[in-house]
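Given next are the chains, with one letter for each unit.
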Amino acid sequence: MAGTAENLSPEEQQEGWLAEGKAVVKQQAFLMKRALDNGNLKDALKHSSNLLCELRTGLLSPKNYYELYMMVADEMRHLEQYFYEEWKRGRRMVELYELVQHAGNIVPRLYLLITVGSVYIRSKEAPARDILKDLVEMCRGVQHPMRGLFLRNFLLQCARDKLPDLNSEYGDNVHDSIDFLMHNFAEMNKLWVRMQHQGPVRDRERREKERLDLRILVGTNLVRMSNLEGVDAEAFKALVLPRILEQVINCKDQIAQQYLMECVIQVFPDDFHLRTLDELLEACGQLQSGVDVKGVLVSLMNRLAAFARSDPSAIPAEVDMLGTFREHVARLSAASVGLAGVLELQVGLLNF
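Here's what I pulled together on the structure shown here. Quick caveat, the model's predicted, so the values are computed rather than measured.

**Focus on the layout of surface pockets**
The method is simple in principle: a probe with the dimensions of a water molecule rolls over the atoms, and the space it marks as empty is what remains.
Part 1 of the reasoning: The computed volume of the largest pocket comes to approximately 690 Å³.
Part 2 of the reasoning: In this structure, the largest pocket is lined by 22 residues; those nearest its centre are Leu60, Ser61, Pro62, Arg206 and Glu210.
Part 3 of the reasoning: Secondary-structure elements contributing two or more residues to the lining of the largest pocket are helix 2 (10-37), helix 4 (62-88), helix 8 (145-159) and helix 10 (204-226).
Part 4 of the reasoning: The greatest single-element share of the lining of the largest pocket, amounting to five residues, is contributed by helix 10.
Part 5 of the reasoning: Among the residues forming the lining of the largest pocket, the class breakdown is eight nonpolar, seven polar and seven charged.
Part 6 of the reasoning: Volume-wise, the second largest pocket comes out at about 400 Å³.

Listed below in structure tokens is the structure:
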């Protein structure tokens, strides 16, 4: 068998590892659900921990790990529903929250903790702010980049409809949600950047492709932030954008800076960008040399030009878009964006 395994292509190896992982998840999920049907929580937690242990693997590519993760996340919904029914029957969620912390390995322990934490927030036995803060800090226990990214994505998915916000039943202080999402974003970005520096130099191209496959996990934090009703233009300018740009600039990573600048421009409303144009353009001048600054600027120009054409009255009188763009484009040298880039930006300004 060993000789046969050695003759397999990398793709065939991946298929084999994924099939093995999915088989274990399927078997343990069946046993977990049977234990839940019998009201045997001890056995249910044992089997759920076993299926979650499959996410400890370091063998799978991001694409295949994602497939396994989605299968596991789907099974965890059954456990979450059981926890919710237990709460309805009068069980205190703080007891379950403490119980699952006895799971042996850190990866299943944190997935179980997040699953209980989701119901704990719904129960309102403790403020959502405190539970979210506890969970996002506990996730630091997993520092393997891919495992950590997917764990934090699981936290984001479980918390998406439980974030404090205007008119939310889980608290109306949007600052609590901003802090939670910023904390998670910063940690996910660090994990994502760290992927670049793991393994031999010859695998750099493969690592870069894998990182691009995972970029949406990091960007989801910004999407959640843009969906908060309490984040208006003023909050964006004072509380959100400065912290995002600090992370973007300080990570000093070309792939992260390119994607995150594009993400900020795409997910937040155009009127927010109008009020923070100086800050955005200032940050463009501090990006790494390999970043396509010209592309970021052209994207921003096109968005704001389209916004101005569709609703001229929405442009504040004190905002001089063209003048601000001209000032910042003039500071960009041919060395940073290339001579062709400078010329393209100047043409863009003429058409603005």
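**Brief notes about the packing of aromatic side chains**
Aromatic ring pairs are described here by two measures, namely the spacing of the ring centres and the angle between the planes.
Part 1 of the reasoning: Following the criterion strictly, the structure yields nine aromatic pairs and no others.
Part 2 of the reasoning: An angle of 45 degrees between the planes, with centres 5.6 Å apart, marks the rings of Tyr84 and Trp87 as tilted. One end of the pair is Tyr84 and the other is Trp87, both in helix 4 and three residues apart, which spans about a single turn.
Part 3 of the reasoning: What makes Tyr84 buried here is its relative accessible area of 18%.
Part 4 of the reasoning: Residue classification places Trp87 among the partly exposed residues on the basis of a relative accessible area of 24%.
Part 5 of the reasoning: Measuring from centroid to centroid gives 5.0 Å for Tyr111 and Phe154, while their planes differ by 50 degrees, and the two rings are tilted. With Tyr111 in helix 6 (residues 106-123) and Phe154 in helix 8, the pair connects residues that are 43 residues apart, well separated along the chain.
Part 6 of the reasoning: Here the aromatic cluster, defined as three or more aromatic residues joined through ring pairs, consists of Tyr65, Tyr66, Tyr69 and Phe150.
Part 7 of the reasoning: One cation-aromatic arrangement involves Arg89 over Tyr82; the distance from NZ or CZ to the ring centre is 5.9 Å.
Part 8 of the reasoning: A cation over a ring is seen here: Arg122 above Tyr84, with NZ or CZ 3.9 Å from the ring centre.

**Observations concerning the state of the cysteines**
Part 1 of the reasoning: Counting across every chain of the model gives zero disulfides.
Part 2 of the reasoning: Sulfur of Cys53: no disulfide; nearest cysteine sulfur belongs to Cys139 and is 16 Å away.
Part 3 of the reasoning: Accessibility expressed as a relative area gives 24% for Cys53, which makes it partly exposed.

**Observations regarding the packing of helix 10 against helix 12 (residues 254-267)**
Part 1 of the reasoning: Contact pair helix 10 / helix 12: the axes reach a minimum separation of 10 Å and the direction vectors enclose 35 degrees. Here helix 10 and helix 12 pass one another in a crossing that is right-handed. In contact with Glu208, Arg211, Leu212, Arg215, Ile216, Val218, Gly219, Leu222, Val223 and Ser226 of helix 10, helix 12 contributes Ile255, Ala256, Tyr259, Leu260, Cys263, Val264 and Val267.
Part 2 of the reasoning: Across the contact of helix 10 with helix 12, the residue classes break down as 12 nonpolar, two polar and three charged.

Parameters at a glance
- Residues numbered from 1 in each chain as written.
- Predicted model: local features only at pLDDT ≥ 70, side-chain atom pairs only at ≥ 80, totals over all residues.
- Heavy atoms only, no water.
- 1 Å grid on protein atoms, 1.4 Å probe; cavity = no way out; pocket = protein on both sides within 12 Å on 5 of 7 lines; lining within 4 Å.
- Points joined across faces, edges and corners; volume = space filled by probe spheres on them.
- Helix = DSSP H or I, 4+ residues; strand = E, 2+ residues; numbered from the N terminus.
- Nonpolar A, V, L, I, M, F, W, Y, C, P; charged D, E, K, R; others polar.
- Phe/Tyr/Trp six-rings, centres within 6.5 Å; stacked < 30°, edge-to-face > 60°.
- Buried < 20%, exposed > 50% of the residue type's maximum accessible area, 1.4 Å probe, protein only.
- Lys NZ or Arg CZ within 6 Å of the ring centre and 35° of its normal.
- Disulfide = S-S within 2.5 Å.
- Axes fitted to C-alpha atoms, helices over the stretch in contact; angles between N-to-C directions.
- Left-handed = near helix turned anticlockwise from the far one by under 90°.
- Contact = heavy atoms within 4.5 Å.

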